[in-house]
Amino acid sequence: MKLLKTNSKNKDFLNLIRLLDESLRITDGEDYGFYNQFNNLKLIKNVIVAYKNDKPIGCGAFKRFDENTVEIKRMFVVPDYRSQGIAGSILTELESWARSSRFTKCVLETGINQIEALGFYKKAGYLIIPNYEQYKGLNTSVCFEKVLTRQI
């Protein structure tokens, strides 16, 4: 597997996002439109695309949240490639990139219907926090954070 650092204009990333959105339309149901408004790609500058045999199979991104924090966005792995550690590799690379860009924390939001995502983020060391900003008061959202430790 190869991981490519790129931006939100990458064609492979955009194709993977289309697949992600198709999936979210199903799992989020009538809430899809509300949540999708927070996925503006113009704000996303840091993207990882995972490839296997030159085929794009997964992606993830982050955007600046505040001066010390990034928000993890648009995590997705093609269904045929799940449970192979690809999402973990993407997330680790995003965290490393954020750390090297002098950020000290990651936050993210996922939906209560994203059962696999909830388990994945907990396993990756993310802790549930009170819902932030646009997700405050929404019982269909779960927000997480992880403090990025310095690598020696």
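Our structure is the block above this text.
In this text the structure is predicted, and so the values were computed from the model without any measurement.

Rules and cut-offs
- Residues numbered from 1 in each chain as written.
- Predicted model: local features only at pLDDT ≥ 70, side-chain atom pairs only at ≥ 80, totals over all residues.
- Heavy atoms only, no water.
- Salt bridge = Lys/Arg side-chain N within 4 Å of Asp/Glu carboxyl O.
- Helix = DSSP H or I, 4+ residues; strand = E, 2+ residues; numbered from the N terminus.
- Buried < 20%, exposed > 50% of the residue type's maximum accessible area, 1.4 Å probe, protein only.
- Core = buried A, V, L, I, M, F, W, Y, C linked by side-chain atoms within 4.5 Å.
- Phe/Tyr/Trp six-rings, centres within 6.5 Å; stacked < 30°, edge-to-face > 60°.
- Lys NZ or Arg CZ within 6 Å of the ring centre and 35° of its normal.
- Arc of directions from axis to C-beta.
- Contact = heavy atoms within 4.5 Å.

**Remarks on the pattern of salt bridges**
The full count for this structure, using the stated rule, is four salt bridges. A salt bridge links Arg74 to Asp21; the shortest N-O distance between them is 2.9 Å. Highlighted residues: Arg74 in strand S4 (residues 69–77) and Asp21 in helix H1 (residues 11–28), separated in sequence by 53 residues. For the pair formed by Arg74 and Asp21, the shared burial category is buried. Lys105 serves as the salt-bridge partner of Glu145, at 3.5 Å between the closest nitrogen and oxygen. With Glu145 in strand S7 (residues 141–147) and Lys105 in strand S5 (residues 105–111), this pair connects stretches of sequence that are 40 residues apart. Given the relative accessible area of 23%, Glu145 is considered partly exposed.

**Looking at the nonpolar core**
Ranked by size, the top nonpolar core spans 38 residues in total, and within it Ile72, Ile90, Tyr121 and Tyr126 carry the most contacts. Those elements that provide at least two residues to this core are H1, strand S2 (46–52), strand S3 (55–64), S4, helix H3 (86–100), S5, helix H4 (115–123) and S7. The element contributing the most residues to this core is H3, with six residues. Grouped together as the second largest cluster of nonpolar side chains are five residues, Val107, Ile129, Tyr132 and Tyr135 included.

**Regarding the packing of aromatic side chains**
If you walk through the whole model with that rule in mind, you get seven aromatic pairs. For the pair Phe62 and Trp97, a centre-to-centre distance of 5.6 Å together with 80° between the ring planes defines the contact as edge-to-face. Note that Phe62 is positioned in strand S3 and Trp97 in helix H3, a separation of 35 residues in sequence. With a centroid separation of 5.9 Å and an interplanar angle of 45°, the aromatic rings of Tyr121 and Phe144 are classed as tilted. Of this pair, Tyr121 sits in helix H4 while Phe144 sits in strand S7, and the two are 23 residues apart along the sequence. There is no split in this pair, since Tyr121 and Phe144 are both buried. Through pairs of rings, three or more aromatic residues link up here, namely Phe120, Tyr121, Tyr126 and Phe144. The ring centre of Tyr51 lies 5.3 Å from the NZ or CZ of Lys2, which sits over that ring.

**Let's talk about H4**
Taken as a whole, H4 has its buried residues at Ala117, Leu118 and Tyr121. Angular distribution of buried residues about the axis of H4 spans 100°; they occupy a single face of the element. Across H4 from its buried face, at more than 90 degrees, point the exposed residues Ile115, Glu116 and Lys123. Where H4 is buried, its residues meet S4, H3, S5 and S7. Following H4 by one or two positions, Gly125 has its phi on the positive side, about 95°.

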